[in-house]
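For reference, the chains in residue letters:
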2 protein chains.
Amino acid sequence: MKQRPLKSLFLYPRSVVFIGVPRKSGPGTLNPVDNLRNWGYEGQVSIVHPHVKEIAGIPVLQSVSELNVETDLAIVSTPRETVPGIIRECGQRSIRAVIVTNQGFAESDLRGKELQREMLLEARKFGIRLLGPNTLGVYNAFHRFNSSFMPLVRQESPIGVVCQSGVFFVGAIQLLGGMGIGIDVGNASDVNIVDTLEWLGEDERIRVIALHAEEINDGSRFLEVAAKVGRRIPIIALKTGRSQEGAKAATSHSGSLAADDRIISAVFHRTGLVRVQETQDQGDLVRGFIRLPAMKGPRVAVVTLTGAGGIILLDAMERYGLQPARFSPSTCDGVQSLSPDWMPIANPMDIWPAVMKNGMRRAYGRALRDVLADPNVDGVICFALGLGEAEQQHLGAEEVIQQMSEEFDKPVVVWVYGSRTEETINTLERHGRALTVPSLERGIRILAAMMRYSNWKSLRTQ
Amino acid sequence: MKQRPLKSLFLYPRSVVFIGVPRKSGPGTLNPVDNLRNWGYEGQVSIVHPHVKEIAGIPVLQSVSELNVETDLAIVSTPRETVPGIIRECGQRSIRAVIVTNQGFAESDLRGKELQREMLLEARKFGIRLLGPNTLGVYNAFHRFNSSFMPLVRQESPIGVVCQSGVFFVGAIQLLGGMGIGIDVGNASDVNIVDTLEWLGEDERIRVIALHAEEINDGSRFLEVAAKVGRRIPIIALKTGRSQEGAKAATSHSGSLAADDRIISAVFHRTGLVRVQETQDQGDLVRGFIRLPAMKGPRVAVVTLTGAGGIILLDAMERYGLQPARFSPSTCDGVQSLSPDWMPIANPMDIWPAVMKNGMRRAYGRALRDVLADPNVDGVICFALGLGEAEQQHLGAEEVIQQMSEEFDKPVVVWVYGSRTEETINTLERHGRALTVPSLERGIRILAAMMRYSNWKSLRTQ
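Computed from a prediction, not measured in an experiment: that's the story for all the values here.

Engineer: Explanation requested: the overall build of chain A in the structure shown.
Structural biologist: Secondary structure summary: chain A contains 19 helices and 20 strands in total. In terms of overall dimensions, chain A has C-alpha extents of about 85 × 45 × 45 Å along its principal axes. Pairs at least 24 apart in sequence give 71% of the contacts found in chain A among residues at least 6 apart.

So this is what it looks like as structure tokens:
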């Protein structure tokens, strides 16, 4: 019989066994079996517990040896001293993939380090691959499977996550806007960031990967895999433990040795990883890469309803390596003809006087079409008002922005402001390809990072 | 008869005249008279328009000379060529405060520059003080008055705004979380940033000022006023036009000359202004200063549910000039005794294993009380889960955080994450003094800026 590949055992298991779960189920018990049931997992679920007959309505086995179905994946969460023995039992039942959830190993004390080593030795004896310890394990919304004891929302999204902490599972919505498939490598005693990056890079459901790493081991393979995956889809990388104190803490958190941040930077640069400085940028870029067409160069057109906003954007462009597009000779003509004589039209293109003379739709439509059609423009950032239903009929620009963002293959980023923005933002997010951003500078950072990724990619594929 | 002070004429006018408003009223007409009516402005409103008898139900005067009530403030929005003449008419009717809303002056073309000069000469002849041109004017939620043609939300908040652009009026909610009193100085042809900073600095309803400046003229008076105001309340300053392109654009936007950014930096430093690099930080700091007690030093305690989150915070602290507190000897004892033996307790204080053993409330309460009571701690940043009603009973920490943030006079900042955070965030924002933040790094930037302000203030008052 042909063996299923390792990736499938972890990400798409057909049968799982939980070894050590709470006796009770329901809210507050953090019972992972509840989570699988709530998600509608369709595979086989077995439970091993030495002292109970039934948990969450499922008959319980006394030990791993009683398992009488072939089992793709074991999820172990028992007192740490018992774990090496349980790994052995899993090996004896031909289980090839094991997740060890618990804390208390290399990240804690000397005994924990010893136990992690023992556990690994047992795994190697039987050819078991081991994810963890100190991990929430695997999350796969498409397969309706997750190994975590935390209650998580299931959301089929093209966002892949490779991380060293459960915070990216529990906080996926806050940090990344969601997660389709996630792997928490925890202490990365065996299965590591490189393995899992490769798995997600091959998964066609995934269109962008958010990477959180406290350490990068296996440097040359990392280089190779990240470059290979990066040519297909962007990897947005948050490397933590960069400060002195942070690096020290990383050692005790995941038991890892954080390398000098300058080395990491050099490595990242060669792989085309999109590196971010803080968590918020990671989420912003995930959204940007999923929604926007490629940003092929540094030249930004600004269509603004406020002169001050244009200036804020110029400051941000200089800071993040973008530049205001120098328009082709005729690009300003349309909006100039709609503006009062005294109004100079340039980039940033301030259309407010033209709006006052001609109405929002006419002025905005002209402006957006002309800048997007200009071959000297790589991307657009623009402004929209959100003022509530009555005013929106007169001052809304959603339709125009939606239409133009579909018509041209360039990224359009919108900042929505006003007394009632929610409806306008929702409309823009539902239709068209424009991306709404919570601040102007965040829009610029997204375009700048997308440009860097396009640059790297075009160099690699020449 | 004693004259009302200039500040009152602009911010608390008892009677206003609009010279030039749209003939129509209702949604989409941008008629400022509608806005005053919607807000319930209680002062006298007159309208001057040469061709219409009635606007928005108010009988209209043919010219300023027909005004038969004493008028605190005129709001002028007529074709630019007519403005100098109208200023003269206002002077002849003893009006001392005028707002000129229109664009088309020094920010546009040569003729515009000329007209701005003429307008100013007329004003000086009659002792008129002039706000604008190119401005939305004045917004005062407490007085139910605003001079703007844009539909704005009225919200009595302790946030004062001094700006050079209407975007801070229309986008006050997005940029700053609200606005109680705002003054847009526009081209600042006469009334300028320094004047208005002084007015808001004296207004007891205002507890924090957000300043947006494209230029700082009147340098030595600015130093003096900003330092005086800064001793009472924090001024959060966003200086734009810092880049080369941005500075050029500032000249054409408000007709101003932007000084070298290094000079601005030096000046800001001496005044104790809290300078921010981008719009988002300005809004964050406004929220922080309003809600939190003072951050008196750089020493931060972290109470975390995730090791990785603690490391992200350590990185951010180093970057922004804060440091992890070195706890007093006994501070870890409580949580250590609640944790498994193998779990080392330090700062960041990872309480997750203690939560698993003892429940959220017991572990979290112990941790927060102990770190807040530690004299080596200046502020706390912590984590809370938002998981929806059922799980929240077991894993919610809102009550504990609320209680401790009230009990101790130190800032407590919370990042909420999970599958359903909205309710948790609302609960925390409604009660207690803790501040919720959308990302960990933003929490650190808030504490860092608050510390710098405290430092400056304590030096000035010694």
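Now that the structure has been shown, the text picks up again.
Engineer: Teacher, can you tell me more about the environment of S148(A) here?
Structural biologist: Residues and elements named next belong to chain A. Checked against the element boundaries, S148 lands in the loop between β9 (145-146) and β10 (159-163). Spatially, the C-alpha atom of S148 lies 8.6 Å from that of N31, the residues being 117 residues apart in sequence. Not counting residues up to four positions away in its chain, the partners in contact with S148 are P32, N35, L136, G137, Y139 and F169.

Engineer: Explain the interface of chain B and chain A to me, please; I cannot follow it from the model alone.
Structural biologist: As a measure of interface size, the accessible area lost when the parts come together is often cited. Taken together, the 64 residues of chain B in the interface contact 64 residues of chain A. The element that contributes the greatest number of residues to the side of chain B that touches chain A is helix α12 (residues 307-320) of chain B, accounting for nine residues. Taken together, the residues of the side of chain B that touches chain A break down into 24 nonpolar, 30 polar and 10 charged.

Engineer: Sorry if this is basic, but what is going on with helix α4 (residues 110-125) of chain B here?
Structural biologist: Each α-helix winds once per 3.6 residues, and so residues spaced three or four apart point in a common direction. Residues and elements named next belong to chain B. In this model α4 runs 23 Å from its N-terminal to its C-terminal C-alpha over 16 residues, within 8% of the 22 Å that 1.5 Å per residue would give. By the burial criterion, the buried members of α4 are G112, L115, Q116, M119, E122 and A123. Considered in projection along α4, the buried side chains sweep an arc of 125° and stay on one side of the axis. Exposed and oriented more than 90 degrees from the buried face of α4 are L110, L121 and K125.

Engineer: Help me out: how do you make sense of the sheet that holds strand β4 (residues 58-61) of chain B in this one?
Structural biologist: Remark on secondary structure: sheet strands pair via backbone hydrogen bonds, oriented parallel or antiparallel. All names here are of chain B. Strand order in this open sheet of seven strands is β3-β4-β2-β1-β5-β6-β7, and the pairing throughout is mixed. Where the open sheet ends on each side, the last strands, each with one partner, are β3 (54-55) and β7 (129-131). Taken together, the three bridges between strand β6 (residues 97-100) and β7 define a ladder with parallel strand orientation. In the strand pairing of β7, V98 is matched with L130. Running over the sheet, helix α2 (residues 32-39) touches β1 (15-19), β2 (44-48), β3, β4 and β5 (73-76) and is turned about 170° from β2.

Engineer: Whenever I open this one, the relation of the copies chain B and chain A confuses me. Can you help?
Structural biologist: Both copies of the chain are related by one operation, a rotation about an axis with a shift along it. Between chain B and chain A, the superposition needs a rotation of 180° and an axial shift of 0.0 Å, giving an RMSD of 0.0 Å. Such a turn and shift between the copies fits a two-fold axis. Taken as a fraction of all interface residues of chain B, those also at the interface in chain A reach 100%, which identifies the copy contact as same-surface.

Engineer: Looking at this structure, I do not really get the pairing of strand β19 (residues 412-420) of chain A. What am I missing?
Structural biologist: Two faces, one strand: in a regular strand the side chains alternate between the faces of the sheet. All names here are of chain A. Most of β19 sits out of view: eight of its nine residues are buried. In this structure, strand β18 (residues 379-387) lies alongside β19, joined through seven bridges in parallel fashion. Opposite L387, over in β19, you have R420 as the bridge partner. Across three bridges, β19 lies against strand β20 (residues 435-437) in parallel orientation.

Engineer: Explain helix α17 (residues 398-407) of chain B here, please?
Structural biologist: All names here are of chain B. Turning to α17, its buried residues are E398, V400, I401, M404 and S405. Looking straight down α17, one finds that the buried residues subtend no more than 165° of arc, so they occupy a single side. If you follow the buried residues of α17, they end up packed against α15 (360-373), β18 (379-387), β19 (412-420) and α18 (422-430).

Engineer: Sorry, what's going on with the packing of helix α8 (residues 219-232) of chain B against helix α10 (residues 261-271) of chain B here?
Structural biologist: The angle between the axes and the distance between the axes are what describe a pair of packed helices. Residues and elements named next belong to chain B. Between α8 and α10, whose axes approach to 8 Å, the crossing angle comes to 35°. Of the residues in α10, those in contact with G219, L223, A226, A227 and G230 of α8 are V267, R270 and T271. Here the residues of the contact of α8 with α10 are counted per class, giving four nonpolar, three polar and one charged.

Engineer: Just checking my understanding: could you explain the sheet that holds strand β14 (residues 274-275) of chain B for this structure?
Structural biologist: In space, the seven strands of this open sheet follow the order β9-β8-β11-β10-β12-β13-β14 (chain B), with mixed pairing throughout. Among the strands making up the open sheet, the edge pair consists of β9 (145-146) and β14 of chain B.

Engineer: Even after reading the chapter, I still don't get the domain arrangement of chain A, so can you show me in this structure?
Structural biologist: Residues and elements named next belong to chain A. According to the domain assignment, chain A contains domain 1 (1-131), domain 2 (155-291) and domain 3 (294-461). With centres defined by C-alpha atoms, the gap from domain 1 to domain 2 works out at 25 Å. When residues of the side of domain 1 that touches domain 2 are traced back to their parent elements, those giving at least two are α1 (6-11), α4 (110-126) and β7 (129-131). Class assignment for the residues of the side of domain 1 that touches domain 2 results in seven nonpolar, one polar and three charged.

Engineer: Quick question: what am I supposed to make of the pairing of strand β5 (residues 73-76) of chain A here?
Structural biologist: Residue and element names in this part refer to chain A. Residue alternation in β5 divides its side chains into two sets, L73 and I75 and A74 and V76, and both sets are buried. Relative to strand β6 (residues 97-100), β5 runs parallel, the two being bridged by four bridges. Along β6, the bridge assignment pairs A74 with V98. For the crossover from β5 across helix α3 (residues 83-92) to β6, the handedness is right-handed.

Engineer: Help me understand the environment of Q393(A), please; the structure alone is not making it clear to me.
Structural biologist: By the element assignment, Q393(A) lies in helix α16 (residues 389-395). When the C-alpha atoms of Q393(A) and R361(A) are compared, they prove to be 9.8 Å apart, with 32 residues separating the residues in sequence.

Engineer: Can you help me understand unusual backbone geometry in this one?
Structural biologist: Glycine aside, residues mostly have negative phi angles, and peptide bonds mostly take the trans form. Residue and element names in this part refer to chain B. The linkage connecting G132 with the following residue, P133, adopts the cis geometry, with an omega of -5°. Mapped onto the fold, P133 is located in the loop between β7 and β8 (138-140). A cis geometry characterises the amide bond from N347 onward to P348, with omega recorded as -5°. With respect to the helices, strands and loops of the structure, P348 is situated in the loop between α13 (333-338) and β17 (349-350).

Engineer: Can you walk me through the packing of helix α7 (residues 193-202) of chain B against α8(B) in this structure?
Structural biologist: All names here are of chain B. Look at α7 against α8: their axes get within 10 Å of each other, and the N-to-C directions meet at 20°. By the angle class used here, α7 and α8 are roughly parallel. Judged by the sense of rotation from one axis to the other, the crossing of α7 with α8 is left-handed. Here α7 contributes V194, L197, E198 and G201 to the contact with α8, which in turn contributes R221, F222, V225, A226, K228, V229 and R232. When its residues are assigned to classes, the contact of α7 with α8 shows six nonpolar, one polar and four charged.

Engineer: Where do I start with the confidence of the model for chain A in this structure?
Structural biologist: When pLDDT is low, close inspection of the predicted coordinates is not appropriate. Taken over all residues, the pLDDT of chain A has a mean of 94, while the share at 70 or more is 98%. In the model output, the complex is listed with pTM 0.96 alongside ipTM 0.95.

Calculation rules
- Residue positions are given per chain, counting from 1 as you read along its sequence in written order.
- Chain labels run from A onward and ligand labels from 1 onward, assigned in the order the entries are written.
- Per-residue local features are limited, in this predicted model, to residues with pLDDT of at least 70; the limit for side-chain atom pairs, both in listing and counting, is 80 or more; totals at the level of whole chains, interfaces and linings are taken over all residues.
- Only DSSP runs of H or I covering at least 4 residues are called helices, and only runs of E covering at least 2 are called strands; the numbering of each starts at the N terminus.
- With C-beta atoms placed from the backbone, a contact is any residue pair whose C-beta atoms sit within 7 Å.
- Polar here means any residue other than Ala, Val, Leu, Ile, Met, Phe, Trp, Tyr, Cys and Pro, which are nonpolar, and Asp, Glu, Lys and Arg, which are charged; Gly is therefore polar.
- One fewer than the residue count of a helix, multiplied by 1.5 Å, yields its expected span.
- Exposed residues have 12 or fewer other C-beta atoms within 10 Å of their own C-beta, buried residues have 20 or more, and partly exposed residues fall in between, where C-beta atoms are placed from the backbone.
- The arc in question is traced by the directions running from the helix axis to the C-beta atoms.
- We call two strands paired when DSSP finds no fewer than two bridges between them.
- The axes are straight lines fitted to the C-alpha atoms, using for helices just the contacting stretch, and the angles between their N-to-C directions are given from 0 to 180°.
- The copies were overlaid with a least-squares fit restricted to C-alpha atoms from residues scoring a pLDDT of at least 70 in each copy.
- The split of the chain into domains comes from an automatic or database domain assignment.
- Classification remark: right-handed applies to a crossover when, strands pointing away from the viewer, the course from the first strand over the helix to the second runs clockwise.
- Here the angle decides the label: under 35 degrees means roughly parallel, over 145 means roughly antiparallel, 65 to 115 means roughly perpendicular, and every other value means oblique.
- Take the far helix as your reference; a near helix turned counterclockwise from it by less than a right angle gives a left-handed crossing, and one turned clockwise gives a right-handed crossing.
- pLDDT measures the predictor's confidence residue by residue and takes values from 0 up to 100.

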